[in-house]
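What follows is the residue order along each chain.
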Amino acid sequence: MAAAGGEGPEPEPGPELAVEPEQESEPEPESEPEPEAALAAELAARRSAEARRLVLSPRRLSGPLPAGLSQWFPALEVLDVSGTGLTEMGTELLSLPCLHTLLAKNNRLGGPGSLPKGLGQAPLARSLRVLNLSGNRFSEVPPALLQLRGLRSLSLGGNRLHGIPPDIQELQSLEFLYLGGNFITAIPPELAKLPSLRYLVLCDNKIQSIPPQLAQLHSLRSLSLHNNLLTYLPREILNLVHLEELSLRGNPLVVRFVRDLTYNPPSLQELAGRTVKTRNIPYAPSDLPDSLVRYLSLASNCPNPKCGGVYFDSCVRQIKFVDFCGKYRLPLMHYLCSPECSSPYSSASQSSTSQSESDSEDEAGVAAHRMQKVLLG
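Residues numbered from 1 in each chain as written. Predicted model: local features only at pLDDT ≥ 70, side-chain atom pairs only at ≥ 80, totals over all residues. Heavy atoms only, no water.

Draft legend 1. Representation of the overall build of the chain within the structure. When you go through the chain residue by residue, the secondary structure sums to 8 helices and 16 strands. Going through the 377 residues of the chain one by one, you find that 47% of them count as buried. Accessible surface computed for the chain: about 18,300 Å², of which carbon and sulfur atoms make up 50%. (Helix = DSSP H or I, 4+ residues; strand = E, 2+ residues; numbered from the N terminus. Buried < 20%, exposed > 50% of the residue type's maximum accessible area, 1.4 Å probe, protein only. Areas by Shrake-Rupley, 256 points an atom, 1.4 Å probe, with all protein chains shown as cover.)

Below, the structure is given as structure tokens:
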């Protein structure tokens, strides 16, 4: 498996056939054959029932893959058409039942019909393991790709994506997902439902926040978030116990401390609920309506150990720096019961930064053994 900054795992080596454009000594005055026709003629002449890997060297193509490709190379497992200028793959792709790796980087794919209809129903949907479509023109993740249930590596970096579809959760076998270099602004919580995901690359986008559900990616080893618009991280990220690499350079959180004092005053019901919980006023379920009993059970404790208060719906969002490996400090989101809470996390004190640093030492010991690399610079 490749590192997080790469473009996915390299295909396994095997018998390879590289088709180079033929060099002509003297141009003929007659009209030359179309590149697609010339390529088809070359492939037909070099057909092989044993070739497992086919690389088409960069050339200028516009049409689909040549018809007859599956007959000329029936055992094909790896197909590399990167840099050929393809605008569509064509239906011939559906007739390659053994194909497990398709590399189609740096082409012109992305328009209507770029991928053949019926892709999700073809044998390819079960055999394909590695798909690299980076450097193309996709403005959205093609729905057909979400039917390739056997995919383990998907690369769509350097396209024109503006979002990640919630149905990404259908790719349950996915281990490597590369979406760097797009225009993605948000991460759907459904991304956390990929149980096998080990490498997630979302660098060079426009992401402003990380959903706390991402902490459910228990298999995650590497998370690349550099060059985005992040100002804080959810504290749930500490639950990624297997995370070995976290890349955050080029985000606002690295160069400034963000404090958000947005606060909606508590309702009368919340004030009453806080009083009951903080003063330990006894009550029995028969004393209150069921709705109030359920409401009281939802109380959250204020994280300030000197406060002892609780909150329900009304709270203050604050940023706290937490040590990783004794070297890096990450701003994580915390919730306080009120702006007046005399907490080392609160911005009410001029020395809040230094206080929060000293109070984070208790969590530093827990986090240090979990995070091997935090790349901030």
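Draft legend 2. Expanded view of the pattern of salt bridges. Applying the stated criterion across every chain, the model contains 3 salt bridges. R149 serves as the salt-bridge partner of E170, at 3.8 Å between the closest nitrogen and oxygen. Of this pair, E170 sits in the loop between β6 (153-155) and β7 (176-178) while R149 sits in the loop between β5 (130-132) and β6, and the two are 21 residues apart along the sequence. Its relative accessible area of 32% is what places E170 among the partly exposed residues. Across the salt bridge formed by E270 and R274, the nearest N and O atoms sit 3.0 Å from each other. In this pair, E270 and R274 both sit in helix α5 (residues 268-278), 4 residues apart, roughly one turn of the helix. (Salt bridge = Lys/Arg side-chain N within 4 Å of Asp/Glu carboxyl O.)

Draft legend 3. Structural context of the packing of aromatic side chains. Counted according to the given criterion, the structure contains 3 aromatic pairs. Between F176 and Y178, the ring centres sit 6.5 Å apart and the planes meet at 15°, which makes this aromatic pair stacked. Y178 carries the same exposure label as F176, and that label is buried. Their ring planes at 40° and their centres at 6.3 Å tell us that F176 and Y199 sit as a pair that is tilted. Highlighted residues: F176 in strand β7 and Y199 in strand β8 (residues 199-201), separated in sequence by 23 residues. (Phe/Tyr/Trp six-rings, centres within 6.5 Å; stacked < 30°, edge-to-face > 60°.)

Draft legend 4. Quick peek at α5. Where α5 is concerned, the buried positions are E270, G273 and R274. Down the axis of α5, the sector holding all buried residues measures 100°, keeping them to one side. Buried residues belonging to α5 abut α6 (290-296) and β13 (310-311). Once α5 finishes, N280 follows within two positions and takes phi at roughly 50°, a positive value. (Arc of directions from axis to C-beta. Contact = heavy atoms within 4.5 Å.)

Draft legend 5. Inspection of unusual backbone geometry at higher detail. Even without glycine at this site, D204 takes up a positive phi of about 55°. In this fold, D204 is placed in the loop between β8 and β9 (222-224).

Draft legend 6. Spatial organisation of the side chain of N205. With respect to the secondary-structure elements, N205 resides in the loop between β8 and β9. Classification of N205 as buried rests on a relative accessible area of 6%. Within the structure, the side chain of N205 is placed 3.2 Å from the backbone nitrogen of N182, a separation counted as a polar contact. If we ignore the near neighbours within four places in the chain, the residues touching N205 are L179, G180, G181, N182, F183, I184, N227 and N228. (Polar contact = N/O pair within 3.5 Å; in protein donor to acceptor, adjacent residues only side chain to side chain.)

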